Amino acid sequence: MWYASHATCGRTCVSPATIGIALQAADCDSRPIVSCRDDLGGSFTDDPTAQALFDEEVTHAVALCVGDNMSMIDVLFEVSAANGCPRTLAVPAGVAPAVVTCLKARFERARWDCAVPLACGSYNTGHGD
């Protein structure tokens, strides 16, 4: 069975950074750069783009932090990045404070090789990119 697929090479965040939650990134340059491939333990495609890997990092963090705390239908989480480090986090309305705290903790210590050339990573259960 063949599934429709597409490769995204880069995107900008849909949610303005001004409404995002600021993440601590002052220590970005001193954080070790982690390989997205090693961090995730694999990918759904043989040769994923940096954008696909960054999006998978965001998806993995959301899945770990959300758990059963909210419906995952038609939601968008976005993380803006610079130099591989997450800078802002945009979450859907109504997300539990514990989920935001968990996401902040995960992103504020991250620096990924796949995110170095990119501006935005996302987890989107809605339709389209």
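Quick note: structure is the one above.
Residues numbered from 1 in each chain as written. Predicted model: local features only at pLDDT ≥ 70, side-chain atom pairs only at ≥ 80, totals over all residues. Heavy atoms only, no water.

Caption draft 1: The arrangement of the sheet that holds strand β1 (residues 21–22) in detail. Read across the open sheet, the four strands follow the order β1-β3-β2-β4; overall the sheet is antiparallel. In this open sheet, the two strands that pair with only one neighbour each are β1 and β4 (120–124). In terms of strand pairing, β1 meets strand β3 (residues 85–90) through two bridges, oriented antiparallel. Across the sheet, the residue bridging to A22 is T88, located in β3. Sitting on the sheet, helix α2 (residues 50–66) touches β2 (76–82) and β4, and the angle it makes with β4 is about 50 degrees. Across the sheet, helix α3 (residues 97–107) touches β1, β2 and β3, and the angle it forms with β3 is around 165 degrees. (Pairing = 2+ DSSP bridges. Helix = DSSP H or I, 4+ residues; strand = E, 2+ residues; numbered from the N terminus. Contact = heavy atoms within 4.5 Å. Axes fitted to C-alpha atoms, helices over the stretch in contact; angles between N-to-C directions.)

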